[in-house]
Amino acid sequence: MDFNLTEEHLMIRDAARDFAQTELLPGVIERDEKQEFPNELVRKMGELGFMGVMVDPKYGGSGMDAVSYVLIMEELSKIDASASVMVSVNNSLVCYGLEAYGTEEQKQKYLTKLATGEQIGAFCLSEPEAGSDATSQATTAEDKGDYYLLNGTKNWITNGGRADTYLVIAQTDRAKGHRGINAFIIEKGMEGFHIGPKEDKLGIRGSDTHTLQFNDVKVPKENRIGEDGFGFKFAMKTLSGGRIGIAAQALGIASGAYELALKYSKERKAFGTEICNHQAIAFKLADMYTEIAAARHLVMAAACKKDAGENYDREGAMAKLYASKVAMEQTVEAVQIHGGNGFVKEYHVERLMRDAKITQIYEGTSEIQKIVISRSLIRD
């Protein structure tokens, strides 16, 4: 695989980097403390094409490739993982799911607004008793002829309070197991649809995470995605691409922490010289750089597989598993290099360390990634 970036890729990366530095960096600490993310920044990301990176331009998207998407995600995540997870969910889970499996009518009605950032999407799979075990859906969608009657609870939903369009996975026929699951498009404001309080989280505090309640919500038949029973396959196919987005987010968190640590080590002096000249710190930097470079190769390999139209399930799982591990470990090292200052908010690394942990959990825990990888090896 050729990982040399084209001029277009470099321009996209630089545009994302510039936006992150000039727009996301100011106020990022305050947004974390107040658990808020301004609508204005979402609008600007939409104008730059970040909300529908890989969507066909005929639906309002940017028509870029997965490599471009990874580059954007890394640069945004270096500065603000709360912003990047909003971009990831809208791109990887919602826009991709609708473009790949939705009807033309669904694309015209929903995708065109989501791809431009005019509206924001949410993906609703996890439940109180069905996180990693996606087949155990307690949320039900009872077929009533002209419509489905939706009842249940969804937990930990990113963009839960801000979204306009929700893709909801629900059980229609329990006797059929995973073949009795469907995916539905739900609109904010539908009668019986209630949004719970915002979660108070360890990290990515600027992102919007809520519990959702569905009480006898009438869902039109035309809002079902795919054929009857396609929901579980839809969720798995969509999450496979989502892993690349979260892997890129983890990569960005790690590389952002490394860049801060390297800069600090060249400025901070101890025992008469900059601390980067002490072997203890120099070796930490060497390990950080190597681990991050290895993670970047895995993420890029998964993106290249996706762009080539090949199966990337294993590559995506490997990228997420390893990049999230690197993010957790290297943000801890960045705090250590900063010493006491690493514990202080104004130096940013403590926030990156808090943000890193969720990358090992959402869109498939690290343990689930190992299941995906090992099963693919055994099949081969």
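Parameters and conventions
Residues numbered from 1 in each chain as written. Predicted model: local features only at pLDDT ≥ 70, side-chain atom pairs only at ≥ 80, totals over all residues. Heavy atoms only, no water. Helix = DSSP H or I, 4+ residues; strand = E, 2+ residues; numbered from the N terminus. Buried < 20%, exposed > 50% of the residue type's maximum accessible area, 1.4 Å probe, protein only. Contact = heavy atoms within 4.5 Å. Lys, Arg positive; Asp, Glu negative; His and termini not counted. Charge placed at Lys NZ, Arg CZ, Asp CG, Glu CD. UniProt positions renumbered as here; feature names shortened; annotations may be inferred. Polar contact = N/O pair within 3.5 Å; in protein donor to acceptor, adjacent residues only side chain to side chain. Core = buried A, V, L, I, M, F, W, Y, C linked by side-chain atoms within 4.5 Å.

**As for the overall build of the protein chain**
Phase 1 of the analysis: Check the secondary structure of the protein chain and you find 11 helices and 10 strands.
Phase 2 of the analysis: Per-residue burial for the protein chain yields a buried fraction of 53% across its 380 residues.
Phase 3 of the analysis: Look at the contacts in the protein chain between residues 6 or more apart in sequence, and 73% of them connect residues 24 or more apart.
Phase 4 of the analysis: Taken together, the 45 basic and 55 acidic charged side chains of the protein chain have centroids lying 3 Å from each other.

**Description of the UniProt feature "domain: Acyl-CoA dehydrogenase/oxidase C-terminal" (unreviewed entry) in the protein chain**
Phase 1 of the analysis: Within this structure's numbering, the places UniProt gives as "domain: Acyl-CoA dehydrogenase/oxidase C-terminal" (unreviewed entry) are residues 231-377.
Phase 2 of the analysis: Here residues 231-377 runs as 77% helix and 3% strand, with 26 Å between its end C-alpha atoms.

**Describing the UniProt feature "domain: Acyl-CoA dehydrogenase/oxidase N-terminal" (unreviewed entry) in the protein chain**
Phase 1 of the analysis: As annotated in UniProt, the feature "domain: Acyl-CoA dehydrogenase/oxidase N-terminal" (unreviewed entry) corresponds to residues 6-118 in the numbering used here.
Phase 2 of the analysis: Split by type, residues 6-118 is 71% helix and 0% strand. Its first and last C-alpha atoms lie 30 Å apart.

**So, the environment of Q171**
Phase 1 of the analysis: Note on placement: Q171 falls in strand β4 (residues 165-171).
Phase 2 of the analysis: Exposure remark for Q171: the relative accessible area of 3% places this residue in the buried category.
Phase 3 of the analysis: Sequence separation of Q171 and K44 is 127 residues, and the distance between their C-alpha atoms is 37 Å.
Phase 4 of the analysis: Each residue touching Q171, except ones within four places of it in the same chain, is listed here: T135, Q137, T139, T140, A141, G177, G180 and I181.
Phase 5 of the analysis: Of the polar contacts made by the side chain of Q171, one reaches the backbone oxygen of G180; its length is 3.4 Å.

**A few points about unusual backbone geometry**
Phase 1 of the analysis: In this structure, I204 is a non-glycine residue whose phi angle is positive, near 35 degrees.
Phase 2 of the analysis: Residue position: I204 is located in the loop between β6 (193-198) and β7 (209-220).
Phase 3 of the analysis: Taking the relative accessible area as the measure of exposure, I204 reaches 3% and is therefore buried.
Phase 4 of the analysis: Here D216, not a glycine, exhibits a phi torsion of approximately 55 degrees, which is positive.
Phase 5 of the analysis: As for its position among the elements, D216 is in strand β7.
Phase 6 of the analysis: Since its relative accessible area comes to 47%, D216 is described here as partly exposed.

**Some details on the nonpolar core**
Soluble globular proteins tend to bury their nonpolar side chains together.
Phase 1 of the analysis: By size, the foremost hydrophobic cluster in this structure holds 90 residues, and its most contacted members are L24, M45, L76 and L98.
Phase 2 of the analysis: With 16 residues, the single largest contributor to this core is helix α7 (residues 231-267).
Phase 3 of the analysis: Setting aside residues no more than four positions away along its own chain, L76 makes contact with A16, F19, A20, L24, M45, F50, A81, S84 and V87.

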